[in-house]
Each structure stands twice: as C-alpha cells, then as structure tokens.
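# Topology and contacts: notes
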Amino acid sequence: MKRIFSLFFAFTALSAQASEEMVSVPFVNWNGKPEQLEMRISKPAANTAGDKKPAVVVLHHGGGWDTQTTKQYATLLNGAGYITAETVMFRSRMQPSHFQVPKVFATLKHLASLSDVDPSRIAVMGLSAGAFQSIYAVSDWATKKYGDGHKFASSVAFYPACWIIKKSYQNDLGRFKNSNYPDDFLNKFTGAPLTILAGGKDDYDNKKPTMCADAVDLMPDAKQKSMTKVHVFENATHGWDHGQTYSFHEPLACEGRGCTNTNQSDPATTEAGKSMLLNILRDQLKPQ
C-alpha cells in the first residue's frame, strides 16, 4: 500500500509539471531563403483548452542554446501561467546578430498561431546577445520587415552591452558597425514597454553602472524613451544567472577595447531578476 501511494504521488507530481516539446517551423532567413527553425514550446500544467494565455519568447545568450540557460526562465514563466518558446538561434558557435532577427519574429508568429495563446499578449526577453535581439524586436524597422502584422507587447533585456547601443546613437561604432542594419534602425520603436536589467560591474560596459541609462537618454524616439526603464544591480557582473563563475578575453568588453570579462555567479541577483521579470510581465501583459 505504501508503494502504491508513493507511485500515485510521483505520478501526480509529474502530471503537474509543464508540458514541453521541441518543434521545427519554416521561416525565411535573412537572405530570403527558406529554412527550419527549432524552438522549445513549454506550457503550464493547468493549460485549459480554449483558455487564451500570454506567452513569452525567451532568447539565449552568446554561449548558445546548448548552455540551456533559458530553461530556468521557461520553468519560472510556465509556473506563473505563461506559455514559452525558447528559440534556438544557434547551438554553440556565435552567429552574426542580423541572422537572428527573422528567427525571433518567426517564433513570435508561431506562438501567435497557437490556439491557446493570446497573440496580443506576447512578450520577448533575452540574455546578453539575446538581450540585443529583445531590444531590436520592438524596433519599428524590424517589426515592419519581419512581423507580418504581429508585434511584441513587452520586452525585457537582461545585461545587454549598452555601450554598443550608446555608440549606435552617437554614430561611433567604427569597426563594430553592422552594415546589415539601417543606420537609423533604433530611432523609432513600436511603443512596447522596454525594461533593461543591467549589472553595475559588467565588464562589457567597463563597469560603468550608468551606461544603459546613458544609452536610453540618447533615444531620439521620445515616446520610447518614456516607456524604457533601466534597473541596475550594482554589484552584479555580466551573466549573473549562468550558474557558474568564469572569465575569458572578450574583444567587445571594456567598451570595445577588449579585456577580460568575468561572469560571476550571483544567485541573489538571479532570483531578484526573476522576481522583477514576473512583476513586469504581470503589469504589461494584462488582458485588454
């Protein structure tokens, strides 16, 4: 009898977990050619048929999909009632930024096509390289080019290298300029609220805690500037949520001069960031 109860409770625990599956969807890549895009779709355990839920696209950092850093956010969001899609932008080897933009919108469009997703309440969040994509995803340029009538309702960017955004507005990127983006592609946004969560000791921004706020101050889109919030975790480095501490030489660190970047594991900041994420989405993805 004791074993029967143990098996019953084990089954109940498993059935209460979020469901997940890897899917592959067709999309048109940056060069206009058809490709397949992989993503992991996860849904809350209590996913009632006919119940339209908010959803979140979760974008990994430059270490790639194989690090599985996004899984913790999908689990968190599923537990709070959100459907998630973790986009496989690349497995492990970093690919050019402009390759990823159509993949982000392909994920948005796939989520919007699901019967249990409210297409008007889809947010995007990203880590580092994914953070840039989450910012680009609410630009007017990217939305018109790839959205096919769909757009994100909210964006949360975790530890982007804000010096790049700042120098983009100053037209001073030099050798780091990506000519595949229009010069003014960050000058106008869709009106979706944007939140940047930054580390005050991020080596990419040369440990300047005001770097992200400085970048936002340069936004020519006054409406977007008013809808963009920056929160700085003063003692956090880049990649505080990776679950391990490690250092490496990074050409983009120290404002592009190149230096050693350290990702310091910080469980307290990780949990604070997750709590902030849930609060942001609760407020910004309310039913209309």
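What you see is a predicted model; the values in this text were computed from it and never measured.

### Notes on the confidence of the model for the chain
Confidence in the prediction of the chain, expressed as mean pLDDT, is 93, and 93% of residues score 70 or more. For the stretch residues 1–15, pLDDT sits under 50, and the model shows one contact to residues farther than four places along the chain or on other chains.

### Some remarks on the nonpolar core
Grouped together as the largest cluster of nonpolar side chains are 57 residues, with contacts concentrated most on I41, F105, L111, I122, I135, F152 and I196. Once residues lying within four places of it in the same chain are set aside, the contact partners of F105 are A137, A142, T143, Y146, G147 and F152. If you look at the next biggest cluster of nonpolar residues, it comprises 19 residues, including L77, F158, L277 and L281.

### Observations regarding the packing of helix α2 (residues 71–79) against helix α9 (residues 267–284)
At a minimum axis distance of 11 Å, the contact between α2 and α9 shows a crossing angle of 45°. Considering the angle they form, α2 stands oblique to α9. Relative to α9, the crossing made by α2 is right-handed. Contact residues: Q72, Y73, L76 and L77 in α2; T270, K274, L277, L278 and L281 in α9. A breakdown of the residues in the contact of α2 with α9 according to their chemical character gives six nonpolar, two polar and one charged.

### Points about the pairing of strand β1 (residues 19–28)
By the bridge criterion, ten bridges tie β1 to strand β2 (residues 34–43) in an arrangement that is antiparallel. Across the sheet, residue S19 finds its bridge partner in β2, namely K43. Hairpin connection from β1 to β2: five residues lie between these consecutive antiparallel strands, with G32 at a positive phi of about 80°.

About the criteria used
- Residues numbered from 1 in each chain as written.
- Predicted model: local features only at pLDDT ≥ 70, side-chain atom pairs only at ≥ 80, totals over all residues.
- Heavy atoms only, no water.
- pLDDT = per-residue confidence, 0-100.
- Contact = heavy atoms within 4.5 Å.
- Core = buried A, V, L, I, M, F, W, Y, C linked by side-chain atoms within 4.5 Å.
- Buried < 20%, exposed > 50% of the residue type's maximum accessible area, 1.4 Å probe, protein only.
- Axes fitted to C-alpha atoms, helices over the stretch in contact; angles between N-to-C directions.
- Helix = DSSP H or I, 4+ residues; strand = E, 2+ residues; numbered from the N terminus.
- Parallel < 35°, antiparallel > 145°, perpendicular 65-115°, else oblique.
- Left-handed = near helix turned anticlockwise from the far one by under 90°.
- Nonpolar A, V, L, I, M, F, W, Y, C, P; charged D, E, K, R; others polar.
- Pairing = 2+ DSSP bridges.

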